[in-house]
Every structure is written in structure tokens, then in C-alpha cells.
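Each chain is listed here by its residues.
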Amino acid sequence: MTDVQERLKALSIELPVLGPPRYAYEATTRWGNLLFVSGQISRTGSGETLRGRLGEDATVADGVTAARTAALNLLARVDDAVGLDKVERILKLNAWAASSPTFVDQPSVIDGASRLLLDVLGDAGRHARTALPSQVLPQGALVELDATIAIRG
């Protein structure tokens with residue numbers, strides 16, 4: 001069992017099983033030692049999309065849960081593409097949070113994703129990050145993430 005698998009087990013985390021993208025794009029694209037992961041929304045393993053807009057009908061705690069959910073989907077895509085044990089470093093995490101015009105605490109929400117990546121990947125989960133508001137996200141999702149990842153081999 002790898003370190004990442006041991007961390008997942010210790011955290012009682014099971015990665016969701018994701019199907020292929022619904023539209024005309026790839027879930028991941030590899031270029032040399034870089035893996036680009038397409039946007040992953042806050043859809044649970046059971047298929048429920050965590051929806052809402054921060055500052056209206058969603059709280060920061062709702063947003064953190066949605067960010068963690070999107071991060072689990074991102075990890076599942078990486079695992080399917082190359083295996084989590086091949087992650088050398090998450091280089092950049094881009095994040096969008098559906099927000100009202102007056103909500104300005106997107107960084108606190110997206111910390112839910114960042115902390116999960118650190119918990120699961122250790123130092124390889126450290127990353128640069130952008131956390132932006134969005135009026136609306138695909139399928140009414142509360143959070144969407146994408147990433148650029150350095151991989152071994």
C-alpha cells in the first residue's frame with residue numbers, strides 16, 4: 001500500500017467512481033510530465049450536485065463541503081489517469097465559487113479543497129492557487145476546480 005493509499009484509508013476517504021465527461025472534452029490531458037485536469041464540480045459520488053450561491057442560499061461551511069467534494073473528484077480523475085502515487089506536486093489549483101456580488105470570502109471556502117489535497121497527498125499537495133467568484137457554475141454547482149499537476153514517469 002502506498003503512502004497516499006494509507007492516508008486515504010486513515011482519513012476514511014473513498015474516491016468516487018466517475019464516468020466519462022458528458023461533453024466533448026477530455027477529463028485529463030497529459031503533456032510530458034504535466035497532467036491537466038478539467039474542471040471538476042461539487043458533485044457527490046451518489047450524483048447529487050451541491051448547489052447554491054455563497055452569500056445567498058449557501059454558507060461558508062456549505063462551500064467548504066462543496067470544495068472538498070470537488071477536490072475528491074479531482075483526485076479521482078488523477079487516480080484514473082495516472083495513479084495518485086505518481087503525483088510529484090500539484091502546481092496550480094484554479095477554483096471558482098458561485099457567489100453573490102457581495103460575498104468576498106472565496107479563499108476560506110476553497111481552503112476546504114486545499115486542505116484535503118494536503119491531507120491526502122502530503123507535501124505533493126502543496127500548490128499555488130486562484131480562488132475566484134462566479135455568478136453561476138455548470139449545473140448550478142457551488143464550486144468548480146481544475147488543476148495542473150507535475151507527475152513522475
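Presented here is an overview of the structure given in this document.

Calculation criteria
- Residues numbered from 1 in each chain as written.
- Predicted model: local features only at pLDDT ≥ 70, side-chain atom pairs only at ≥ 80, totals over all residues.
- Heavy atoms only, no water.
- Helix = DSSP H or I, 4+ residues; strand = E, 2+ residues; numbered from the N terminus.
- Rg over C-alpha atoms; globule rule 2.2 N^0.38 Å.
- Buried < 20%, exposed > 50% of the residue type's maximum accessible area, 1.4 Å probe, protein only.
- Contact = heavy atoms within 4.5 Å.
- Areas by Shrake-Rupley, 256 points an atom, 1.4 Å probe, with all protein chains shown as cover.
- Core = buried A, V, L, I, M, F, W, Y, C linked by side-chain atoms within 4.5 Å.
- Axes fitted to C-alpha atoms, helices over the stretch in contact; angles between N-to-C directions.
- Parallel < 35°, antiparallel > 145°, perpendicular 65-115°, else oblique.
- Nonpolar A, V, L, I, M, F, W, Y, C, P; charged D, E, K, R; others polar.
- Pairing = 2+ DSSP bridges.
- Expected span 1.5 Å × (residues − 1).

## With respect to the overall build of the chain
- Along the chain, the regular secondary structure elements total three helices and five strands.
- At 15 Å, the chain has a C-alpha radius of gyration in line with the 15 Å of a compact globule built from 153 residues.
- Dimensions of the chain, computed from C-alpha atoms along their principal axes, come out at roughly 45 × 35 × 30 Å.
- For the chain, the residues scored as buried account for 43% of the 153 residues in total.
- A separation threshold of at least 6 residues defines the contact pool for the chain, and within that pool the share at least 24 residues apart is 83%.
- If you sum the accessible surface of the chain, you get close to 7900 Å²; carbon and sulfur atoms cover 50% of it.

## Remarks on the nonpolar core
- With 43 residues, the main nonpolar core has Val78, Val143, Leu145 and Ile149 as its most contacted residues.
- Secondary-structure elements contributing two or more residues to this core are α1 (3-10), β2 (34-41), α2 (60-81), β3 (87-98), α3 (106-121) and β5 (143-151).
- Take this core: its biggest share by element is eight residues, from α2.

## A few points about the packing of α1 against α3
- Where α1 contacts α3, the axes come no closer than 7 Å and their chain directions differ by 120 degrees. Between α1 and α3, the angle falls in the class oblique. Two secondary-structure elements touch here, α1 through Val4, Arg7 and Leu8 and α3 through Asp119, Val120 and Leu121.
- Here the contact of α1 with α3 is built from residues that sort into four nonpolar, no polar and two charged.

## Concerning the side chain of serine 100
- Position of serine 100 relative to the elements: it lies in the loop between β3 and α3.
- A relative accessible area of 5% means that serine 100 is categorised as buried.
- The contacts of serine 100, once residues within four sequence positions are left out, are Arg53, Leu54, Gly55 and Glu56.

## Brief notes about the pairing of strand β4 (residues 128-134)
- Of the pairings in the sheet, the one linking β3 to β4 comprises seven bridges and is parallel in character. Directly across from alanine 98, in β4, lies its bridge partner serine 134.

## A word on α2
- Its 22 residues place the ends of α2 31 Å apart at the C-alpha level, agreeing with the 32 Å of an ideal helix rising 1.5 Å per residue.
- Within the sequence span of α2, burial applies to Gly63, Ala66, Ala67, Thr69, Ala70, Ala71, Asn73, Leu74, Leu75, Ala76, Arg77 and Val78.
- Buried residues along α2 sit against β1 (28-31), β2, β3, α3 and β5.
- With its phi angle positive at about 95 degrees, glycine 83 sits one or two positions after the end of α2.

## Here we look at the sheet that holds β1
- Across the sheet, which stays open at both edges, the five strands sit in the order β1-β2-β5-β3-β4 with mixed pairing between neighbours. Both outer strands of the open sheet, β1 and β4, are each paired with one neighbouring strand and no more. Mean inter-strand twist for the sheet, computed between neighbouring axes without regard to direction, equals 15 degrees.
- In this structure, β3 lies alongside β5, joined through nine bridges in antiparallel fashion. Counterpart to alanine 97 in the pairing with β5 is valine 143.
- Its contacts with the sheet put α2 on β1, β2, β3 and β5, and the angle it makes with β5 is roughly 35 degrees.

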